[in-house]
Every structure is written in C-alpha cells, then in structure tokens.
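Structural overview
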Amino acid sequence: MTDPISTTWDAICALPQPKLSELFAADPDRLEKLSQRLEASFGELGDLGIRFDWSKTHLDDAILDQLEALAEAMDFDAQREALFGGGIVNPTEGRAATHGAMRGSGTEADVEEAQALTTRMGMLVEAIHHGALGEVNHLIHIGIGGSALGPDLAVDALARDLSLVDVHVVSNIDGLALEQAFAACDPATTLIAIASKTFTTIETMTNAASALKWLGDNGVDDPSGRVIALTANPEGAVEWGVDETRILPFPESVGGRYSLWSSIGFPVALAVGMDDFQAMLAGAQAIDTHFREAQGRANLPLLAAFADQYYTRARWCQTRAVFAYDERLDLLPDYLQQLEMESNGKSVSAKGEPVDRPTAAVTWGGVGTDAQHAVFQLLHQGTHLIPVDFIASIAPGDQLDPAHHKSLLINCFAQGAALMAGGNMSADGKDPARAFPGDRPSAMILVDDLDAAALGALIAFHEHRTFANAVLMGINPFDQFGVELGKKMAKDIDAGEGDFDASTKALMEAAGMG
Ligand code: F6P
C-alpha cells in the first residue's frame, strides 16, 4: 500500500516553486482566497473580529490541492470529530482530549461536567472577591509547564490595566523565582494556588511547601487554609493537606498544555473576574465552531497547518518565528513553544513507526518592534528561510498619543511587506551587503481588539493548528514521553543511583554531590 504522506510530499516537492511576487501577479484573487475575517458576537460578553492573512506564504492551488487530498487520506474529518466527540485521540495513553468541552465544544456529558466545574470555580472566585477568605491582595500561583504558561500569558495580557488581585506566577524550582514573588507580596493578604494536573510534579510540590513555610514563618496562623489546589488529582491534593472545599478539580482528559480553560485558569478569573474568563472561553469556542465546520482550505487552523507542513516538509525550514506587535503578548512565544513543541516534537507516528520527514519546527519569537532591532537582520538577510507569523491588534492597548500605536502597526505591516518584496538599498542597487533577497514568507493575524475573547480565540486557533499539523503527519500530539527520561535521571542522581557517564559524574562531584 502506498503511504499518502510520502506520496504527497514527493508530489509537492516536484511542483514548480514560484516566488511570492509571481504568485500574487498570477492570481488576482490570491488575497481573497488566502485571507479571511472571522466574526462572532457573544452578547454581554462582547464581540470578536479577527483577520487571518496567509496570502504572503507560498501556498497556491497546486499545493493546496495536494494537502487537501492528504487531509482526506489521513481521515482529518473523522479525527476532528473524534477530538470533539470524546474519542481516544491519544492512543499511547488511551485518552480523549476534552479541553474543547471546557469552553462548550464537546459531548453533552463532557460539556455538562465542564460547566459544573467552571461554575464551582466561579463561586470560589466570587467568594474570594467578596472577602470570604479575608483580605486578599495577592495570589502566588505555583505550577509549571501547562500549569503556568497559560495563566501567566492570560494574566499578563488581560490584567495590566485593572487587576482585582495581584497575581505572581512561579514555575521554576530555582528558589530565586519564589523569593521574587515573596518580596512583592504581603503574607497576611496572600493566597497560594497550587496548580498541577498530577499533583506530583517535583518543582511545583517543592515550591508549594516553601510557600506554606513562608506564610507560617511570617505570622500566618493557618497557612494551609490559604491554599487552593487546581488539579486533576483531587485525592493527591487532599493527601497533601488541602481542604476539599478549596480544591478545584478538572477532568483527567484535559491535557496539561490545554488546561488554561479549566481550573488552571483560576488566577485569570481572580485577576480579571469571571465575565472576562467566560469571554475568553467564548472566543475559544468561536474558533472551535469554525474549526469543526469549515472545510479544507477555508478552515483557518488547517490552512495554517498546511503552510507549516509545507515549510518544514518541503522547504526544510527548521524554525518558525512568531512576533506579536503587542506588549500584552510578550509571553505568547513561550506559550506556543510548549503547545507546539511538546505536542508535535516527535519522531514516530501514532502507530509507532519512524517518520521520514521533519515534524514540529522550533517555535521562537518575541515582540515587535523590539525584535526588529535585534533578530530581524537574520530574517531579512540570513541564510535560513524562516516563516514568520505577525500578530497585532487594531485597537491600542495604551492610552498614550495614538502615534505610538499607529507606528507599531505601520512597522508590523512594513516588515511583512519587506520580507516578501526584497530589493537593494544601495544607491546603485548593486551592493551585495545591502541586498535583500525577499520572497520570505509571513502570515498575519490582526484582531480588532485584544480583549479576553480575542485572546481565547488566538490560543484556540493555535491549539487546533497544532492538532491539524499532527493529523497531517500521522502523529499523536497529546502525549509527551520525551520529558520523562531527564526526570528519571534527576531522581537517580538525587538518590545516588544509576551509572552515569564520566562527564556527568565529574559535574556531580564539582557540585559536591559525588
Ligand atoms: O513535564 C512535562 C509536563 O508533564 C507538562 O506536560 C505539564 O504541563 C507539566 O509537566 C506540569 O505537569 P503538572 O500539571 O502535572 O504539574
């Protein structure tokens, strides 16, 4: 039987590779075909408007025809329905992936369960806002990976102007991280959230114990009474000493890097209120609906995955860069790194067979305009071909002279245009040092206003893009065994067990562990 993946890539690699400028010249409808505006209205929770423009990528009808056929051969429609229908989409762990249900997109039973859990979280949030746990001015949210990156991003993006509670997200086992949070908080008015799906992660449990000690050492009578657990292992939290009334559970089938929508989003709700948290869920659900219903290239996350696949598998691009022209999204590249690299950084298919082309690219990025003065040199003139995503908001986040925001957007649009156009900046047009090859791809996501709904939509778009990439590669995006070996070796070193190589032994000795 022929393998549809290798057949597709052989066929795509045999196609001519017109330049971006040629693609625009050849097809007057190109912009219309490869860009789309999504709109939704959520009543009192607000509106959503986002423009997605993939026209400055090398996708054309011939490539898209091939990739749509590949999607069909990989049973994309059925896999997408399995995702929302609670099917086993994580075969190595025998699990469903029901993060969609947390925002209303799933089976009736999953959505019902999710809504009950969100309501429970909302009641605790309201109670805290109304003083049920005394004066609360600070929250130290302790978690790592998916239990920290989403809350950190969302609090940073949404709670800049008005934060009902001052939130500090601490992830690293490096005590400096926790000390920094302690220095910014008054122990008498601080709550501790322990966020861990498994409630066993060494960094989180160590930091949680130190945070409780800090409360006790600083005059708080009942430190464990100040703890809220956010977990899919409520029994583990009870065993650890958290009172059941302050445990906010979430389903085991919600993966760590997809858990922002569950009680792991508690600090977001505490900082900005339940209405904004619900708006974030609504924005994500609008993308779920689009992803579920739109077909082929009209499906935006799938279209983005087509471009990702094309650049990694046909053009051998090893990285993809994301630049948000918005300070509020400065943590987005970190968030996307876990989402994309932990999900799709695999070397075997879901059936356990070795893949024969690259899987996830390395995701990296930063904020514009800062990045223009640091890394854009390489994007414009370096030897790597790096597809870029730009993200910006039409409405400004600041209250200053509108000249700031205008300049921010102008710069963003100019970079995409320059990457594509290329040219020569010297007087005679011949100086190689001033030459720009151009024909460098970029995509643009332009939101009307970066509010809670838009943030939810942006994140859900990337979740589905990651899933679509996995389906097209035939890999399982929902496990992450690659993180386990290092964890085991750390335990072995701690226990003085295991036979390590000479270099590692020398390092242990140098640090007094020999
Ligand atoms: O080590 C990887 C990982 O399992 C991530 O997938 C997860 O988001 C993170 O650790 C934290 O896990 P937990 O929420 O169980 O503490």
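Predicted, not measured: the structure shown is a model, and the values here were computed from it.

In terms of regular secondary structure, the chain is built from 19 helices and 13 strands. Computed over C-alpha atoms, the radius of gyration of the chain comes to 24 Å, within 12% of the 24 Å expected from 2.2 N^0.38 for 514 residues, which places it in the range of a compact globule. Burial statistics for the chain: of 514 residues in total, 51% are counted as buried. Taking the contacts inside the chain whose residues are at least 6 apart along the sequence as the reference set, 76% of them involve residues at least 24 apart. Accessible surface, the chain: about 22400 Å² in total, of which carbon and sulfur atoms supply 53%. Within the chain, one finds 34 positive and 73 negative side-chain charges whose respective centroids are separated by 7 Å.

With that settled, consider the sheet that holds strand E5 (residues 190-195). Overall, parallel pairing links the five strands, which are arranged E4-E3-E5-E6-E7 in an open sheet. Unpaired on one side and paired on the other, strand E4 (166-170) and strand E7 (247-249) mark the two borders of the sheet. Neighbour-to-neighbour, the strand axes of the sheet open up by a mean angle of 20 degrees, direction not taken into account. Packing against the sheet, helix H8 (residues 175-184) makes contact with strand E3 (138-142) and E4, and its axis sits at approximately 170 degrees to E4.

Ranked by internal contacts, the top residues of the largest apolar core, which has 104 residues, are Phe52, Trp54, Leu59, Phe266, Val268, Met280 and Leu329. For this core, the element with the highest residue contribution is helix H17 (residues 452-473), accounting for 13 residues. In this structure, Leu59 is in contact with Leu23, Arg30, Leu34, Leu64, Leu67, Leu303, Phe306, Ala307 and Tyr310, ignoring residues within four places of it in sequence. With 22 residues, the next largest nonpolar core counts Phe182, Ile194, Leu212 and Val227 among its residues.

About the thresholds
Sequence positions are assigned chain by chain, starting from 1 and proceeding in written order. A pLDDT threshold of at least 70 governs which residues receive local features in this predicted model, and a stricter bar of 80 or more applies before side-chain atom pairs are shown or counted, although totals over entire chains, interfaces and linings include all residues. Only hydrogens and water are removed before side-chain values are computed, so all heavy atoms of the structure are retained for them. Numbered from the N terminus, helices here are DSSP runs of H or I no shorter than four residues, and strands are runs of E no shorter than two. Every radius of gyration here is taken over C-alpha atoms, with the globule rule written as 2.2 Å times N^0.38, N being the number of residues. Relative accessibility decides the category of a residue: with a 1.4 Å probe and only protein chains considered, values under 20% of the type maximum give buried, values over 50% give exposed, and everything between is partly exposed. In what follows, residue pairs with any heavy atoms lying within 4.5 Å of each other are defined as contacts. We get accessible surface area from the Shrake-Rupley algorithm with a probe of 1.4 Å; when it comes to residues, only the shown protein chains can shield them. None of His or the chain ends enter the tally, which takes Lys and Arg as positive and Asp and Glu as negative. Where a charge lies is defined by one atom per residue type: Lys uses NZ, Arg uses CZ, Asp uses CG and Glu uses CD. A pair of strands counts as paired when DSSP detects no fewer than two bridges linking them. Inter-axis angles, ranging from 0 to 180 degrees, are taken between N-to-C directions of lines fitted to C-alpha atoms, where helices are fitted over the stretch in contact. Buried residues of nine kinds, namely Ala, Val, Leu, Ile, Met, Phe, Trp, Tyr and Cys, make up a nonpolar core once their side-chain atoms join them within 4.5 Å.

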